[in-house]
Amino acid sequence: MIHNAGGGVGLAALDIAKHIGATTYGTASAAKHEFLKARGLDQAIDYRHQDWLPVLIDLTKGRGVELVIDPLGGKSWKKSYRALRATGRMGVFGMSTASASGILGKLRAMKALAQTPRFHPLSLMNRNKGVFGLNLGHMWGEGEKVSGWMREIMNGVAEGWIRPHVDRAFPFDQVADAHRYIEARKNIGKVVLVP
Ligand SMILES: NC(=O)c1ccc[n+]([C@@H]2O[C@H](COP(=O)([O-])OP(=O)(O)OC[C@H]3O[C@@H](n4cnc5c(N)ncnc54)[C@H](OP(=O)(O)O)[C@@H]3O)[C@@H](O)[C@H]2O)c1
């Protein structure tokens, strides 16, 4: 289950999941569904207009999924955890529910923190579920490990099963417009800055 499947991370995760033969489910704005299906996503869910959890549970015949990757944070982590099948795992790597500029951003961050679930080890054991996190920004001491991942990704690019998609390029002096474009959720895949 790939949240925000139409983003840069989401598309890369989709390529990797397809490469290992996984059945893929993804949430995204409806306008991105056609593109995602063409890229191989098995089931696209319009999470902005429907509750994605019952849809996913229905699609998996009540079982749930082996892996959820969730960059939304807050109450979304609680729901994603519920979407896991026995021995399934949830990877958390972002908190975009808290992203907004100014005072609104601070309020959203506080709300997301208040809604963040806590996972007790005993409960993880008894429910056969796992939760893990990743923050690349805190991996500076693990250069060897990260470069190993990077080599695999570059192999994927060379072999054609990883297909980075650049949605739009902005010149450096239009960096604010690039941010606005992303915040308006218009991008599918990456937005890049060019000189
Ligand atoms: N922990 C790490 O090491 C790490 C590394 C890279 C990225 N990240 C995090 O992973 C997330 C995705 O990164 P990305 O590069 O794939 O981003 P991206 O290309 O901008 O895509 C993000 C997608 O998320 C959806 N979205 C949901 N809430 C949003 C919000 N409040 N503002 C904007 N978009 C929102 C949008 O899709 P819809 O139109 O479908 O809603 C958007 O297209 C971000 O939260 C980022 O901080 C973490």
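Criteria and thresholds
- Residues numbered from 1 in each chain as written.
- Predicted model: local features only at pLDDT ≥ 70, side-chain atom pairs only at ≥ 80, totals over all residues.
- Heavy atoms only, no water.
- Domains from an automatic or database assignment.
- Contact = heavy atoms within 4.5 Å.
- Buried area = accessible area lost by both parts, 1.4 Å probe.
- Salt bridge = Lys/Arg side-chain N within 4 Å of Asp/Glu carboxyl O.
- Pairing = 2+ DSSP bridges.
- Helix = DSSP H or I, 4+ residues; strand = E, 2+ residues; numbered from the N terminus.
- Right-handed = clockwise from strand over helix to strand, strands pointing away.
- Near = heavy atom within 4 Å.
- Polar contact = N/O pair within 3.5 Å; in protein donor to acceptor, adjacent residues only side chain to side chain.
- Areas by Shrake-Rupley, 256 points an atom, 1.4 Å probe, with all protein chains shown as cover.
- Nonpolar A, V, L, I, M, F, W, Y, C, P; charged D, E, K, R; others polar.

What to know about the domain arrangement of the protein chain
When the domains of the protein chain are assigned, the result is domain 1 (8-166) and domain 2 (167-195). In this structure, domain 1 and domain 2 have C-alpha centres spaced 22 Å apart. Opposite the eight residues of domain 1 that make contact, domain 2 presents eight residues. The contact between domain 1 and domain 2 buries some 830 Å² in all, and 58% of this surface belongs to carbon and sulfur atoms. If you look at where domain 1 meets domain 2, you find zero salt bridges.

So, the pairing of strand E7 (residues 190-194)
As defined by bridge partners, strand E6 (residues 166-171) adjoins E7 across five bridges and the pair is classed as parallel. Looking across to E7, one finds that Phe-170 is bridged to Leu-193. As for the winding sense of the linkage, the β-α-β connection from E6 through helix H8 (residues 175-183) to E7 is right-handed.

Notes on the site of the ligand
Taken together, 22 residues sit near the ligand, with Val-9, Ser-29, Lys-32, Tyr-47 and Leu-136 positioned nearest. Ser-29 places a side-chain nitrogen or oxygen 2.4 Å from an oxygen atom of the ligand. Contact between the ligand and Leu-134: a nitrogen atom at 2.8 Å from a main-chain N or O atom of the residue. Starting from 910 Å² of accessible surface for the ligand in isolation, the protein chains cover 79%. When its residues are assigned to classes, the shell around the ligand shows nine nonpolar, nine polar and four charged. Of the residues that make up the shell around the ligand, three or more belong to each of domain 1 (8-166) and domain 2 (167-195).

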